[in-house]
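# Coordinate inspection notes
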Protein chains: 2
Amino acid sequence: MISVAEARARILDGLNPTGPETVALAEAHGRVTARPVIARLTQPPADVSAMDGYAVPSADAPAGAALRVIGSAPAGRPFAGRVGPGEAVRIFTGSVVPEGADAVALQEDTSREDDRVILRESAITGRHIRRAGQDFRAGEQVIAQGRRLTARDLGLAAAANHPWLTVHRRPRVAILATGDEIALPGEPIPPGGIVSSNTHALAALVRAAGGEALVLPVARDDRAAIAAVADWAAGADMLLTSGGASVGEHDLVQAALAERGLAVDFWRIAMRPGKPLMFGRLGAVPVLGLPGNPVSAMVGAILFLLPALGRMSGLSGDPPPATPARLGAPLRANDHRADFLRARLGRDSDGGLVATAFERQDSAMLRVLAEADALILRAPHAPALEAGAMVEVIRLDTPGLPAGC
Amino acid sequence: MISVAEARARILDGLNPTGPETVALAEAHGRVTARPVIARLTQPPADVSAMDGYAVPSADAPAGAALRVIGSAPAGRPFAGRVGPGEAVRIFTGSVVPEGADAVALQEDTSREDDRVILRESAITGRHIRRAGQDFRAGEQVIAQGRRLTARDLGLAAAANHPWLTVHRRPRVAILATGDEIALPGEPIPPGGIVSSNTHALAALVRAAGGEALVLPVARDDRAAIAAVADWAAGADMLLTSGGASVGEHDLVQAALAERGLAVDFWRIAMRPGKPLMFGRLGAVPVLGLPGNPVSAMVGAILFLLPALGRMSGLSGDPPPATPARLGAPLRANDHRADFLRARLGRDSDGGLVATAFERQDSAMLRVLAEADALILRAPHAPALEAGAMVEVIRLDTPGLPAGC
């Protein structure tokens, strides 16, 4: 058996980022840049006013000065002339500061009498002026390569005048479920059978992480049938299986794929839930085999598939981030397998996170998994812990804003 | 001027959740349930084995017993007969436990000799058996109404045999940008003009929060033109404008919409960036008017639009969650306006969050906004703070897993 960290490292080693594609700015949200974004213009393009008021020459604009208003410069309609001594130009937020002016007197610090404006405060050189290039200059990198684009990034890329962006192609993940006992929701359920829950949960996870999911038809428990379905994964960036990676006599996936030339890298990991886990390669296509048990499949997907999707998307493939939390209830000592306990999160009186493991950790309990806010990380041989002890958790809830703001 | 909290409360008061629609399970990820999901079957449907091994009658299966293996029950193919005294049935994870058996002897705790299995451990009643209904029973609610569906929820809904789910329709937000000085990326830029960054940043935010964005053509600075474009928002759940909600002589949006019967609810909020903010109603369509300045627009969108989208989506419309962090650098005392300082996040040696405000907080600096990991919340009249003091931040980065795992 190998450790979770080693398994993850081996999986990542076997994966490459997808190639680039050009997409419209409006479609680029959540995509990962395959090239840096370089500003195509300077922002602001010229010195502009930060406020509504009057553009004045500061050398000639002490408190009490009455300046003649020689024009107006709405945003987008620069004043063409020059502001001389004793003169001012009406100006608005974002307007270009006209030649000859080097300060802005705030509208609320002035009074207007016909074509004169009287300053109540002395104008200070540079005051209320945004300098050309203060935000960015043409030729500067404004967004790095390998960044997942947020809404703010799209605003920045737009401001830098990019109607198109070059991003990594979404990784295509073909999902293969097998089993004579499996029905899809709403289909006739065979005697003793169950409704398949893994396929669509995994597909949603793939899409949530920026991938494209190809849901293959369920394969019957028959080597030839499984191999035939797996053939349809050709051209995918990954074939994801659930079930069939274990030692059971009826786990046929490995055997079926072996006939097609599957090179298996490993298949037993010291973890719970989800010991059987397979990684290999079927021709050019990496194969990740998750356990069939729905809870094990989802925990395995969070630990291994999400970093894999990150790596394929052009990111680093970091493990799911762990956060410190206090235990709400004691935990028993752990055995030799890393454990990922389904838990609820709350807050203590200081606002700190409190994680309380569900009493029932049976790996078939999908409802407990769906209700869980976090997985408590238990290292192999971790000692028993009292309530109040600090642990690390992987948060499953959404602790912040919707992703990609 | 009114407070941020009051403004948000008034906006939420003016909004309703969208109606329900029926979508395929595979399309329901991230959608908010409009009805609870009730299990259509019992899971497991019968007592099933939690492990690979042998189903045995515990009364007749002490350590050392040699039981006759009378059959096999692969998952999905239940054993039809009854297990009598001195008998066992080969069983696998997920297989129905046959009649007469009430325990499972683990495969690794047995040895096999022809048609006999020899137990090395005594079988214990109920051991390694998942009881019928342990996960859920037909008729039980497995997912509440008003929940944003995660990948795990989809797995649960699938297991509960729902091929279709009833969710709130995505709120439709029509986005109106105005300004003679504005060009879209890649289009000719007028003299003194800038490239519009708000529209697509806001559209991405709307989509990230589960809404549908309708990007209206940019309206020129002309009342009739603005009103004509705004008419195309009919049927939207919200008209979102950026710019034109201020006092400037050239802010025409309010004037233009007033001619169409806009009822304005308020428009000045004690906050920075982004004081001018308008909420009203144009016929049946709520109108949210964000500032034109890109940083103010995005901060306003995070504070007001995201909760509004939540409310329209069938959620509660909670304010963006705040997290405690330690200051990485001192802050000056605040004035009468709530401030939202763009900041970087790091970690201290204890793993606690450290927030350091960018030196330049100019509300036109889109690059600083895009690079920010958080907004530091500064209440009106908040005192000066030393480095190390605790503050609250709204995280803009993605601290956890991709949303919706």
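Quick caveat: nothing in here was measured; it's all calculated off a predicted structure.

Right, let's talk about the overall build of chain A for a bit. Counting its secondary structure elements, chain A contains seven helices and 26 strands. Relative to the 2.2 N^0.38 estimate, which gives 22 Å for 405 residues, the radius of gyration of chain A is 31 Å and therefore markedly larger than a compact globule would have. With the C-alpha coordinates of chain A rotated into their principal frame, the extents come out at 95 × 50 × 40 Å. Taking all 405 residues of chain A together, the buried fraction comes to 56%. Here the analysis covers contacts within chain A between residues at least 6 apart in sequence; of these, 69% occur between residues at least 24 apart.

Residue and element names in this part refer to chain A. Packing of helix H1 (residues 4–13) against helix H6 (residues 294–313) brings their axes to within 10 Å, and their N-to-C directions diverge by 30°. When the axes of H1 and H6 are compared, the pair comes out roughly parallel. In this structure, the crossing between H1 and H6 has a hand that is right-handed. Where H1 abuts H6, its residues Val 4, Ala 7, Arg 8, Ile 11 and Leu 12 lie against Leu 303, Phe 304, Pro 307, Ala 308 and Arg 311. For the contact of H1 with H6, a count of residues per class yields eight nonpolar, no polar and two charged.

Low pLDDT marks stretches whose predicted atomic positions should not be read closely. In this model, chain A carries a mean pLDDT of 92, and residues with pLDDT of at least 70 account for 98%. We note a pTM of 0.93 for the whole complex and an ipTM of 0.92 for its interfaces.

The next thing to look at is the domain arrangement of chain A. Taken domain by domain, chain A comprises domain 1 (4–17 + 170–313), domain 2 (21–41 + 141–168), domain 3 (48–130) and domain 4 (322–395). On a C-alpha basis, the centroid separation for the pair domain 3 of chain A and domain 4 of chain A is 62 Å.

Looking now at the interface of chain A and chain B. Opposite the 77 residues of chain A that make contact, chain B presents 77 residues. The set of elements that each furnish at least two residues to the side of chain A that touches chain B consists of helix H2 (151–159), helix H3 (198–208), H6 and helix H7 (366–371) of chain A. Here the side of chain A that touches chain B is built from residues that sort into 44 nonpolar, 21 polar and twelve charged.

Residue and element names in this part refer to chain A. Ordered by their spatial adjacency, six strands build an open sheet running E7-E4-E6-E5-E9-E8, and the pairing between neighbours is mixed. Each of the sheet's edge strands pairs with one partner strand only, and the pair in question is strand E7 (103–106) and strand E8 (110–113). Across the sheet, the mean angle separating the axes of adjacent strands is 40° when strand polarity is ignored. One ladder, built from four bridges, connects E8 with strand E9 (residues 116–119); its direction is antiparallel. From the neighbouring strand, Ser 111 faces E9, where its bridge partner is Ile 118.

Right, let's talk about the relation of the copies chain A and chain B for a bit. Overlay of chain A on chain B (RMSD 0.0 Å): rotation 180°, translation along the axis 0.0 Å. Taken together, the rotation and translation describe the operation of a two-fold axis. For chain A, the residue whose C-alpha comes nearest the rotation axis is A:Ala403, separated from it by 2.8 Å. In this assembly the copies share their binding face: 99% of the residues contributing to the interface of chain A also contribute to that of chain B.

Along H3(A), eleven of the eleven residues are buried, which leaves the element largely enclosed by surrounding structure. Taken together, the buried positions of H3(A) are occupied by A:Asn198, A:Thr199, A:His200, A:Ala201, A:Leu202, A:Ala203, A:Ala204, A:Leu205, A:Val206, A:Arg207 and A:Ala208. In the core, the buried residues of H3(A) are packed alongside strand E13 (172–177), strand E16 (212–215), strand E17 (238–242) and H6 of chain A together with helix H2 (151–159) of chain B. Positive backbone phi, at 90°, marks A:Gly210, one or two positions downstream of H3(A).

With that settled, the discussion passes to the environment of B:Val206. Residues and elements named next belong to chain B. Relative to the elements of secondary structure, Val 206 occurs in helix H3 (residues 198–208). A sequence separation of 103 residues divides Val 206 from Leu 309, and the C-alpha atoms of the two residues are 7.5 Å apart. With residues near it in sequence (within four places) discarded, Val 206 still touches Val 173, Gly 211, Ala 213 and Leu 309.

Inspection of the secondary structure puts B:Pro78 in the loop between strand E5 (66–73) and strand E6 (87–91). Sequence-wise, B:Pro78 and B:Ile91 are 13 residues apart; in three dimensions their C-alpha atoms are separated by 9.2 Å. The contacts of B:Pro78, once residues within four sequence positions are left out, are A:Pro191, A:Gly192, B:Ala73, B:Val96 and B:Pro98.

Turning our eyes to something else, we now look at helix H1 (residues 4–13) of chain B. A turn of α-helix holds 3.6 residues, and therefore any two residues three or four places apart point the same way. Residues and elements named next belong to chain B. For H1, every residue scored as buried is listed here: Val 4, Ala 7, Arg 8 and Ile 11. Taken around the axis of H1, the buried residues stretch over an arc of 95°, which confines them to a single face. For H1, the exposed residues lying more than 90 degrees away from the buried face are Ala 5 and Asp 13. Taken together, the buried residues of H1 touch strand E18 (263–268), strand E19 (271–272), strand E20 (276–282), strand E21 (285–290), helix H6 (294–313) and strand E23 (338–347).

Turning next to the packing of H2(A) against H3(B). For the pair H2(A) and H3(B), interaxial distance at closest approach is 7 Å and the crossing angle is 160°. With respect to their mutual orientation, H2(A) and H3(B) come out roughly antiparallel. When you trace H2(A) past H3(B), the crossing you get is right-handed. On the side of H2(A), the interface is formed by A:Ala151, A:Arg152, A:Leu154, A:Gly155 and A:Ala158, while H3(B) contributes B:Asn198, B:His200, B:Ala201, B:Ala204, B:Leu205 and B:Ala208. Here the residues of the contact of H2(A) with H3(B) sort into seven nonpolar, three polar and one charged.

Following A:Gln43, the chain continues into A:Pro44 via a peptide bond in cis, with omega recorded as -10°. Along the chain, A:Pro44 turns up in the loop between strand E2 (37–38) and strand E3 (48–49). With an omega of -5°, the peptide bond between A:Arg272 and A:Pro273 qualifies as cis. As for its position among the elements, A:Pro273 is in the loop between strand E19 (271–272) and strand E20 (276–282). Backbone geometry places B:Asp114, a non-glycine residue, at a positive phi of 50°. If you trace the backbone, B:Asp114 turns up in the loop between strand E8 (110–113) and strand E9 (116–119). Residue B:Asp114 is classed as exposed on the basis of its 7 C-beta neighbours within 10 Å.

This next bit is on the pairing of strand E6 (residues 87–91) of chain A. Residues and elements named next belong to chain A. Counting buried residues in E6 gives five out of five residues, a clear majority hidden from the surface. Because side chains alternate across E6, one face comprises the buried residues Glu 87, Val 89 and Ile 91, and the other comprises Ala 88 and Arg 90, equally buried. Both strand E4 (residues 53–56) and E6 contribute to a ladder of three bridges, which runs antiparallel. Bridge pairing links Tyr 54 to Arg 90 in E6. Judged from the five bridges that link them, strand E5 (residues 66–73) and E6 form a sheet pairing that is parallel. Along E6, the bridge assignment pairs Ala 73 with Ile 91.

Analysis parameters
Residues numbered from 1 in each chain as written. Chains lettered and ligands numbered in written order. Predicted model: local features only at pLDDT ≥ 70, side-chain atom pairs only at ≥ 80, totals over all residues. Helix = DSSP H or I, 4+ residues; strand = E, 2+ residues; numbered from the N terminus. Rg over C-alpha atoms; globule rule 2.2 N^0.38 Å. Buried ≥ 20, exposed ≤ 12 C-beta atoms within 10 Å, placed from the backbone. Contact = placed C-beta atoms within 7 Å. Axes fitted to C-alpha atoms, helices over the stretch in contact; angles between N-to-C directions. Parallel < 35°, antiparallel > 145°, perpendicular 65-115°, else oblique. Left-handed = near helix turned anticlockwise from the far one by under 90°. Nonpolar A, V, L, I, M, F, W, Y, C, P; charged D, E, K, R; others polar. pLDDT = per-residue confidence, 0-100. Domains from an automatic or database assignment. Pairing = 2+ DSSP bridges. Least-squares fit on C-alpha atoms with pLDDT ≥ 70 in both. Arc of directions from axis to C-beta.

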